[in-house]
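Analysis of the macromolecular model
Spelled out from the first residue to the last, the chains are:
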Amino acid sequence: QVQLVESGGGLVQPGGSLRLSCAASGIIFTLYTMGWYRQAPGKQRELVAGITTGGNTNYADSVKGRFTISRDNAKNTVYLQMNSLNPEDTAVYYCNAHQPLRVPRYDYWGQGTQVTVSS
């Protein structure tokens, strides 16, 4: 049974920081590309950041220079460090896992964690 459990969301003031964590179980973590997506009210879910099995990263333009994705393979955990948060970052953040060579692609999702940036 695959589980992705996110934590670390909450309410933060503009300019503040949060670190999200996603603990994975039921998968061979080192075989999976991990990612963080977000969905704001009335908007489509979008990719925020991804990290490959080899540690290569990619980011949405809107978060480059502010967010950092990392993974700890020993702990089966992926992190998203979010700095300089602004109200436009308010959304539910979802952890994602997929195997890069699997066709068709199959995605696993966490339950989501709310991030609210407001004064």
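Look up a bit, the structure's there.
The following paragraphs examine the structure supplied in this document.

Thresholds applied
Sequence order as written defines the numbering, with residues in each chain counted from 1. pLDDT decides what is reported in this predicted model: residues at 70 or higher carry local features, side-chain atom pairs at 80 or more are listed and counted, and totals for whole chains, interfaces and linings draw on all residues regardless. Excluded from the side-chain calculations are hydrogens and water; all other atoms, namely the structure's heavy atoms, are used. What counts as a helix is a DSSP run of H or I of at least four residues, what counts as a strand is a run of E of at least two, and both are numbered from the N terminus. Radius of gyration here is computed from C-alpha atoms only, and the compact-globule reference equals 2.2 Å multiplied by the residue count raised to the power 0.38. The buried label goes to any residue with under 20% of its type's maximum accessible area, the exposed label to any with over 50%, and the partly exposed label to all in between, with areas taken from a 1.4 Å probe on protein chains only. By definition, residues are in contact when any of their heavy atoms lie within 4.5 Å. Surface accessibility follows the Shrake-Rupley procedure with a 1.4 Å probe radius. Residue values consider only the protein chains on display as shielding. Lys and Arg are tallied as positive, Asp and Glu as negative. Neither His nor the chain termini are counted. One atom stands in for each charge, and that atom is NZ of Lys, CZ of Arg, CG of Asp or CD of Glu. A pair of strands counts as paired when DSSP detects no fewer than two bridges linking them. To get an axis, a line is fitted to the C-alpha atoms, and for a helix only the part in contact is used. The angle between two axes follows their N-to-C directions and goes from 0 to 180 degrees. When two cysteine sulfur atoms lie within 2.5 Å, the pair is treated as a disulfide.

1. Some thoughts on the overall build of the chain
The helix and strand inventory of the chain stands at zero helices and 11 strands. Order of helices (α) and strands (β) in the chain, N terminus to C terminus: β-β-β-β-β-β-β-β-β-β-β. What you see for the chain is a C-alpha radius of gyration of 14 Å, in line with the 14 Å of a compact globule of 119 residues. Its C-alpha atoms give the chain principal-axis dimensions of about 40 × 30 × 25 Å. Out of the 119 residues in the chain, the part that is buried amounts to 40%. Sequence-distant contacts in the chain: of pairs separated by 6 or more residues, those separated by 24 or more amount to 55%. Surface summary for the chain: the accessible area is close to 6400 Å², and the carbon and sulfur share equals 48%. One way to put it: in the chain the 10 positive side-chain charges average out to a point 4 Å from where the 7 negative ones average out.

2. What about the sheet that holds strand β8 (residues 77–82)?
Taken together, the four strands give an open sheet; going across it, the order is β1-β3-β8-β7, and neighbouring strands pair in antiparallel fashion. Each of the sheet's edge strands pairs with one partner strand only, and the pair in question is β1 (3–7) and β7 (67–72). On average, each strand axis in the sheet is tilted by 15 degrees relative to the strand beside it, whichever way the strands run.

3. Topic: the state of the cysteines
Here, the word disulfide means a covalent bond between the sulfur atoms of two cysteines. Enumeration according to the criterion identifies one disulfide in this entry. Disulfide pairing is shown between Cys22 and Cys95; the S-S distance is 2.1 Å. Handedness here is read from the sign of the S-S torsion; for Cys22 and Cys95, about -80 degrees, the answer is left-handed. Taken together, the positions of Cys22 in strand β3 (residues 18–25) and Cys95 in strand β9 (residues 91–98) put the pair 73 residues apart, joining distant regions of the chain. Each member of the pair, Cys22 as well as Cys95, carries the same accessibility label: buried.

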